[in-house]
Amino acid sequence: QVQLAESGGGLVQAGGSLRLSCAASGRTFSSYNLGWFRQAPGKEREFVAAITSSGGITYYTDSVKGRFTISRDNAQNTVSLQMNSLKPEDTAVYYCAARLGGELSSVRDASVWGQGTQVTVSS
């Protein structure tokens, strides 16, 4: 199965932008549905966005629609999350996740996780 490694987190002011990237190892990357989840301090991990194996379908949690964009490059084995108009409530550790077949829209759906990257949005 694939292994995932996130990068691109950091500290940004409210209204700013960040781009998270997730690099994957493994020859079957293009077969996986991929997603981003986040976990804020004291809260459960939650779904943020996902993209199907072909990249043809994307879906988002309501709180990030219109601000975040997920994309993937199967030739480079990467999935990205462009985050615009960031808010303090977006502060969390962001995790890349993967599932081979099937919808990826909840924590229990994911079979592979990255180590996470911290995103902090100051007000």
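Preceding this section is the structure that the text describes.
As a starting point, this report considers the structure included with it.

Quick notes on the rules
- Along each chain, residues carry numbers from 1 onward, in the same order as the chain's sequence is written.
- Given that this is a predicted model, residues contribute local features only at a pLDDT of at least 70 and side-chain atom pairs are listed and counted only at 80 or more, while totals for whole chains, interfaces and linings are drawn from all residues.
- By convention in this description, side-chain values take in all heavy atoms of the structure and omit both hydrogens and water.
- Nonpolar cores were defined as sets of buried Ala, Val, Leu, Ile, Met, Phe, Trp, Tyr and Cys residues, with membership established by side-chain atoms within 4.5 Å.
- Classification of residues uses two cut-offs on accessible area relative to the type maximum, computed with a 1.4 Å probe and protein chains only: under 20% is buried, over 50% is exposed, and between them is partly exposed.
- Counting from the N terminus, the helices are DSSP H or I runs at least four residues long and the strands are E runs at least two residues long.
- Any two strands between which DSSP finds at least two bridges are classified as paired.
- Whether two residues are in contact is decided by their heavy atoms: any pair within 4.5 Å suffices.
- For this analysis, a polar contact is any N or O atom pair within 3.5 Å, provided that within protein one partner can donate a hydrogen and the other can accept it, and provided that sequence-adjacent residues contribute only side-chain to side-chain pairs.

1. With respect to the nonpolar core
Right, so step 1: One finds W36, L81, M83 and Y94 to be the most contacted residues of the largest nonpolar core, which totals 30 residues.
Right, so step 2: F37, A97, L104 and A110 belong to the second-largest nonpolar core, a separate cluster that totals 6 residues.

2. A closer look at the pairing of strand β7 (residues 68-73)
Right, so step 1: Because side chains alternate across β7, one face comprises the buried residues F68, I70 and R72, and the other comprises T69, S71 and D73, none of which is buried.
Right, so step 2: With 6 bridges connecting them, β7 and strand β8 (residues 78-83) associate as antiparallel partners. Each bridged residue has a counterpart across the sheet, and for D73 the counterpart in β8 is T78.

3. Here's the deal with the environment of S105
Right, so step 1: Along the polypeptide, S105 turns up in the loop between β9 (92-100) and β10 (112-113).
Right, so step 2: Residue S105 is classed as partly exposed on the basis of its relative accessible area, which comes to 25%.
Right, so step 3: In this structure the C-alpha to C-alpha distance between S105 and T91, which are 14 residues apart in sequence, comes to 20 Å.
Right, so step 4: Ignoring anything within four residues of it in the chain, the contact list for S105 reads F47 and Y59.
Right, so step 5: A polar contact is formed between the side chain of S105 and the side chain of E103, at a distance of 2.7 Å.

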